[in-house]
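# Structural features, examined
Residues per chain, in single letters:
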Amino acid sequence: MLAAIGTVPRHLFIDDTAFTDRAYEDAAFPIGCGQTISQPYTVAFQSELLQLSPGMKVLEIGTGSGYQCAVLCAMKAKMFSIERQRPLYLMTRERLGKLGFKANLTYGDGYAGIPREAPFDRVIVTCGAAAMPETLLDQLKPGGRAVIPVGEGNDQRMLLVIKNLDGSIMVEEKGRFRFVPMLADKAS
Ligand code: SAH
């Protein structure tokens, strides 16, 4: 996983020239639309919890800059990612294309997931959900795992959700993090 992070040049995911020379600091930076690129530690932490194998089908909620998505592509995941802010979706689609990362990007509401592509082996949410997004768990394969920061404001508990083969759900708490909110009911 660290090898994959090493292959993704983070400075290319930060447009704001005020921050590009700090791209390798362990910090979150603004990416437009009031959103942020996740801190490298958080990207590493969530990527590790996923326990990915090459070829797995992964759904990401919150494409943002595309950095987390690129890291998962480098780990050989088949990526599907949803972004709620159209300008970010457009910008990142172009960026990932230019850099040669093949990901299926969608503009829309992450709470809905992508029913026609379900089930997914893994689900990763990169914004803070006020409550557990059940629709996304429905789209998770039996035997699959989801990593979802859940909590109000900017205090989230990182939840590792494991769906057993019989469909039952196990949840483990993996620490506290700070995410931008997962937007609900955003108009267009
Ligand atoms: N994974 C991103 C993190 C970006 S921050 C990266 O590596 O840069 C979280 C992103 O989630 C923001 O871009 C925000 O617009 C998006 N987001 C918020 N609510 C959402 C929703 N309901 N559906 C999809 N994306 C959402």
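To be clear, the structure that these remarks concern was listed above.
Here we summarise the structure given alongside this text.

How each quantity is defined
Residues numbered from 1 in each chain as written. Predicted model: local features only at pLDDT ≥ 70, side-chain atom pairs only at ≥ 80, totals over all residues. Heavy atoms only, no water. Helix = DSSP H or I, 4+ residues; strand = E, 2+ residues; numbered from the N terminus. Rg over C-alpha atoms; globule rule 2.2 N^0.38 Å. Buried < 20%, exposed > 50% of the residue type's maximum accessible area, 1.4 Å probe, protein only. Contact = heavy atoms within 4.5 Å. Areas by Shrake-Rupley, 256 points an atom, 1.4 Å probe, with all protein chains shown as cover. Pairing = 2+ DSSP bridges. Axes fitted to C-alpha atoms, helices over the stretch in contact; angles between N-to-C directions. Parallel < 35°, antiparallel > 145°, perpendicular 65-115°, else oblique. Left-handed = near helix turned anticlockwise from the far one by under 90°. Nonpolar A, V, L, I, M, F, W, Y, C, P; charged D, E, K, R; others polar. Polar contact = N/O pair within 3.5 Å; in protein donor to acceptor, adjacent residues only side chain to side chain. Near = heavy atom within 4 Å. 1 Å grid on protein atoms, 1.4 Å probe; cavity = no way out; pocket = protein on both sides within 12 Å on 5 of 7 lines; lining within 4 Å. Sits in = over half its atoms within 2 Å of the grid points.

### As for the overall build of the chain
- In terms of helices and strands, the chain carries six helices and nine strands.
- Since a compact globule built from 188 residues should have a radius of gyration of about 16 Å, the 15 Å found for the chain is in line with a globular shape.
- Summarising its shape, the C-alpha atoms of the chain cover approximately 50 × 35 × 30 Å along the three principal directions.
- Residues classed as buried in the chain amount to 51% of the 188 residues present.
- Within the chain, contacts between residues separated by at least 24 positions form 50% of all contacts whose residues are at least 6 apart in sequence.
- By element, 53% of the accessible surface of the chain is carried by carbon and sulfur atoms, the whole surface being about 8,800 Å².

### What about the sheet that holds strand β4 (residues 78–83)?
- A sheet is described by the order of its strands in space; here seven strands give the open sequence β5-β4-β3-β6-β7-β8-β9, paired in mixed fashion. Of all the strands in the sheet, the pair left with one neighbour each is β5 (103–107) and β9 (169–177). Sheet twist, expressed as the mean angle between neighbouring strand axes with direction ignored, is 15°.
- Pairing of strand β3 (residues 57–61) with strand β6 (residues 120–125) involves four bridges; the strand directions are parallel. Paired with Glu 60 across the bridge in β6 is Ile 124.
- Of the strands in this sheet, β4 and β5 are in contact with helix α5 (residues 86–99), which crosses β5 at around 165°.

### With respect to the packing of helix α3 (residues 40–50) against helix α4 (residues 67–74)
- Between α3 and α4, the shortest axis-to-axis distance is 11 Å and the interhelical angle comes to 40°. Judged on the interaxial angle alone, α4 and α3 are oblique. As for how α3 packs across α4, the hand of that crossing is right-handed. In this structure, α3 uses Val 43, Gln 46, Ser 47 and Leu 50 to contact α4, whose residues at the interface are Tyr 67, Gln 68, Val 71 and Leu 72.
- Residue classes in the contact of α3 with α4 are distributed as five nonpolar, three polar and no charged.

### Here we look at the environment of Gln 156
- Take Gln 156: it is sitting in strand β8 (residues 156–163).
- By relative accessible area, which is 0% here, Gln 156 ends up buried.
- The residues contacting Gln 156, other than those within four sequence positions of it, are Gly 128, Pro 149, Val 150, Gly 151, Gly 175, Arg 176, Phe 177, Arg 178 and Phe 179.
- Only 3.0 Å separates the side chain of Gln 156 from the backbone oxygen of Gly 151, close enough to count as a polar contact.

### Focus: the site of the ligand
- In the region of the ligand, 27 residues are neighbours, and Gly 62, Ser 65, Glu 83, Gly 110 and Leu 183 sit closest.
- Here an oxygen atom of the ligand and a side-chain polar atom of Glu 83 are 2.5 Å apart.
- Separating a nitrogen atom of the ligand from a backbone N or O atom of Arg 84 is a distance of 3.3 Å.
- Of the pockets mapped on this structure, the ligand occupies the largest pocket.
- Contributing elements (two or more residues each) for the shell around the ligand: β2 (35–37), β3, α4 and β4.

### Quick word on unusual backbone geometry
- Ala 118 connects to Pro 119 through a cis peptide bond whose omega is 5°.
- Locating Pro 119 in the fold gives a position in the loop between β5 and β6.
- We note that Cys 33 has phi near 55°; this positive angle belongs to a residue other than glycine.
- Here Cys 33 lies in the loop between β1 (29–32) and β2.

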